[in-house]
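Topology and contacts: notes
Read off the chains here:
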Amino acid sequence: MPPNETLFLESTTRIQKDSIHSFMDFQVWDFPGQLEYFESAFDLEDIFGSLGALVWVIDAQDDYLDSVARLNRTILTVQQFYPGINIEVFIHKVDGLSDEYRTDTFQDIVQRISDELSDAGYENAPVHYYLTSIYDYSVFEAFSKVIQKLIPNLSTLENLINTLANNCGFEKTYLFDVLSKIYIASDTRPVDMACYEMCSDYIDVIVDISELYSWDHPVRKRLGDQIQEAESHVVLHDQTMIHLMEMNKYLCLVSVIRNPEAKDKRGLIDMNCRTFQDALNEVFSRSWEEGSTAQEGESAAVSK
Amino acid sequence: MDARKKKRKVLLMGKSGSGKSSMRSIIFSNYVAKDVRRLGATIDVEHSHVKFMGNLTLNLWDCGGQDAFMETYLASQRGNIFSDVAVLIYVFDIESREVERDLDTYHAIIEALSEFSPNAYVFCLVHKMDLIQAEHRQRIYDERSAVIRSRSGDFRVDTFASSIWDQSLYKAWAGIVHKLIPNLIVIERFLTAFAKKINAEEVILFERSTFLTVTSVTSEVGELNPIYDRHERLSNIMKAFKHCAARNTLTTPASAGFVVMHTKTPQFNIFLGRFTDNTYIFLVVPPGEASYNCAVLNTMLAREGFSKAAAGSGGGDGFPLPPPETADDHANGYGYGYGNGYGHGYGNPT
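The rules behind these values
Residues numbered from 1 in each chain as written. Chains lettered and ligands numbered in written order. Predicted model: local features only at pLDDT ≥ 70, side-chain atom pairs only at ≥ 80, totals over all residues. Heavy atoms only, no water. UniProt positions renumbered as here; feature names shortened; annotations may be inferred. Salt bridge = Lys/Arg side-chain N within 4 Å of Asp/Glu carboxyl O. Helix = DSSP H or I, 4+ residues; strand = E, 2+ residues; numbered from the N terminus. Buried < 20%, exposed > 50% of the residue type's maximum accessible area, 1.4 Å probe, protein only. Pairing = 2+ DSSP bridges. Axes fitted to C-alpha atoms, helices over the stretch in contact; angles between N-to-C directions. Domains from an automatic or database assignment. Contact = heavy atoms within 4.5 Å. Buried area = accessible area lost by both parts, 1.4 Å probe. Polar contact = N/O pair within 3.5 Å; in protein donor to acceptor, adjacent residues only side chain to side chain. Nonpolar A, V, L, I, M, F, W, Y, C, P; charged D, E, K, R; others polar. Phe/Tyr/Trp six-rings, centres within 6.5 Å; stacked < 30°, edge-to-face > 60°. Lys NZ or Arg CZ within 6 Å of the ring centre and 35° of its normal.

Chain B appears in an unreviewed UniProt entry as GTP-binding protein from Penicillium roqueforti. Taken directly from UniProt, the Subunit (unreviewed entry) text for chain B runs: "Component of the GSE complex." As its UniProt record puts it under Sequence similarities (unreviewed entry), chain B is described as follows: "Belongs to the GTR/RAG GTP-binding protein family."

Per an unreviewed UniProt entry, chain A is named GTP-binding protein, and its organism is Penicillium roqueforti. Quoted verbatim from the Subunit (unreviewed entry) heading of the UniProt record, the comment on chain A is "Component of the GSE complex." Looking at chain A in UniProt, the text filed under Sequence similarities (unreviewed entry) is "Belongs to the GTR/RAG GTP-binding protein family."

Listed below in structure tokens is the structure:
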């Protein structure tokens, strides 16, 4: 859904549970902001028992004191009974604030929450803060980070990607979930918004073009053998290359390459990516054997 | 010969606020749809030159549509505006409340045009179709285009429904551009033969800066594709990505572009690459690693043939093809000969 159409969304009145089936199954619970879930009518165990992460959205353009107070209450309860839950605070709608004001707001909110926490005696509570807006890619970035914390073998994946990126001279590499365009792992170089934007838009291009030409008809016949997974790359006017390779049903690997020699060594790059694909699938199949990725729950509590 | 490097005068007219400058900016100046809010009213006539396909320059006259300007066009400026016109593009606002009055103005303009340039092409765009509910669109458009035709005098008018918010704008302009390209028959003949040689389902030629479809060839299998507006959608997709690339490589959308794009999927393979100075070629071939590589190689070779011929003739022509009578005799043809020879050499690897 494009950002300008979210205007027509109605306010959430009951808990909405959305299941996302991807490389790992998630359930997103969308909580109405006005819901008082600490009342005895709600079963805390039912809500928080299987939770992986709690996302709390604060409207940065509004008076947020109320919301922060509620968040504090929630954090204290959650910390007391379920210390394993990651608490993620999205300071939202920051697109409307000037740069300076944005930093001030951010610091103010962080200060209020951490003061409260240390008063209650929690020193290293797993609370993380993100500045987000739906009008750029920051909300995807933030959600990516949230999801990444729930992936059991993230460090293995990051190591694999690092090895690949270093050996192939990639500028930045992302492992994307194609449907949601959240990246579940990337190499550990600093985040570069421009790269993320191009990679994510390139996935759109490929998905859109595929939609136009993937029609089924008995007379369409192939001319020869080809590898099953989709592969694509584009070279831009300044010799930047974006390389995309399908990894499995849900994931694809997208890299930005700024080395002009890469054009001539595509065969090598493709081969390395295939090796990475094998490794990746091995990582996932092993974790399934152990059955360690049982359903992870996650909830988004939307405060006004 | 000057006749080959022609400038074609294109008049863009219509009522004030109907969206003439907006669509011009989107098609020729790399605007995205929401950018056009910045545009103000056009005062008098804005001239712009658009180089299109090498030997074709469009001399675009964007005529401000306020009543006062319209009167001067029809009175004191009459000879200046309406002489030597190759194309008149008249834009109707579907939301207009004074349909009769719009049609009267249109009729007056048609009369002036038939006086000074009776051989001009006339295109009418029924614009802002996005404001009409989807289920009524076809009916209202049909009614309106019938009325327009009845007021068009001796001209054969092509009408298009358009909106800047979807691909219909590209469809309309691709239709217009298609009519303007001088050696189109030769180009199409070449593409048909070429597509057959490389077993392509579809070959599309896009103009470089606007990403409008210049022409396309579709094989019998390709015709079965259920998505009819795919060319316009492709224009839209690629242009959107061009904007993204420009934003993130810190250049203007006009100078951003693609060198080459390869896409291989289990259902189809796609190649997009520069063909001539002003065009991209877009190939869709069935899956098959070897035959895909072969198709790409043949495209490169055909392109070399083109550029060699262009250097030889020195005409600066976008499509220096052999004249039609020698085209079938492949010892003679440049692009043609290459396509043939190498097609046999590398083709059919089984």
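1. Brief notes about the pattern of salt bridges
If you walk through the whole model with that rule in mind, you get 27 salt bridges over all chains. A salt bridge links Asp187(A) to Arg189(A); the nearest nitrogen and oxygen atoms lie 3.2 Å apart. In this structure, Arg139(B) engages Glu143(B) in a salt bridge whose closest nitrogen and oxygen atoms are separated by 3.3 Å. Here the residue Arg139(B) and the residue Glu143(B) both occupy positions in helix H5 (residues 134-150), the gap between them amounting to four residues, near one helical turn. Its relative accessible area of 45% is what places Arg139(B) among the partly exposed residues.

2. Concerning the sheet that holds strand S6 (residues 172-177) of chain A
If you walk across this open sheet you meet the ten strands as S7(A)-S6(A)-S10(A)-S9(A)-S8(A)-S9(B)-S10(B)-S11(B)-S7(B)-S8(B), and the pairing is antiparallel. Because the sheet does not close on itself, it has two edges, and the strands there are strand S7 (182-186) of chain A together with strand S8 (213-218) of chain B. Within this sheet the neighbouring strands show an average axis-to-axis angle of 15 degrees, counted without direction. For strand S7 (residues 202-207) of chain B and S8(B), the ladder comprises five bridges, and the chain directions are antiparallel.

3. Section: the domain arrangement of chain B
Residue and element names in this part refer to chain B. Examined at the domain level, chain B breaks down into domain 1 (7-179) and domain 2 (184-311). The straight-line distance from the C-alpha centre of domain 1 to that of domain 2 is 29 Å. Contact residues are listed per partner, giving 18 residues for domain 1 and 22 residues for domain 2. Across the domain 1 to domain 2 interface the summed buried area is about 1700 Å²; carbon plus sulfur atoms make up 62%. Inspection of the domain 1/domain 2 interface yields zero salt bridges. The interface formed by domain 1 and domain 2 includes two residue pairs in polar contact (both at pLDDT 80 or more). For the side of domain 1 that touches domain 2, the secondary-structure elements that each account for two or more residues are helix H1 (20-28), strand S2 (45-52) and helix H6 (168-180). Ranked by the residues each element gives to the side of domain 1 that touches domain 2, the list is headed by H6, at six residues. Of the residues belonging to the side of domain 1 that touches domain 2, the class tally is eleven nonpolar, four polar and three charged.

4. What about the packing of aromatic side chains?
Counted under the stated rule, the structure contains 29 aromatic pairs over all chains. Between the aromatic rings of Tyr183(A) and Tyr196(A), the centroid separation amounts to 5.7 Å while the plane-to-plane angle is 55 degrees, which identifies the pairing as tilted. Here Tyr196(A) lies in helix H6 (residues 193-213) and Tyr183(A) lies in strand S7, a separation of 13 residues in the sequence. Taken together, a centroid distance of 5.9 Å and an interplanar angle of 5 degrees make the contact between Phe241(B) and Phe258(B) stacked. Here the residue Phe241(B) occupies a position in helix H8 (residues 230-248), and Phe258(B) occupies one in strand S9 (residues 258-264), the gap between them amounting to 17 residues. Each member of the pair, Phe241(B) together with Phe258(B), is buried. Members of the aromatic cluster, connected to one another through ring pairs, are Tyr202(A), Tyr213(A), Phe206(B), Phe211(B), Phe241(B), Phe258(B), Phe268(B), Tyr280(B) and Phe282(B). Here Lys181(A) stacks its cationic end above the ring of Phe140(A), 5.9 Å away from the centre of that ring. Its end group placed over the ring of Trp61(B), Lys9(B) keeps NZ or CZ at 4.0 Å from the ring centre.

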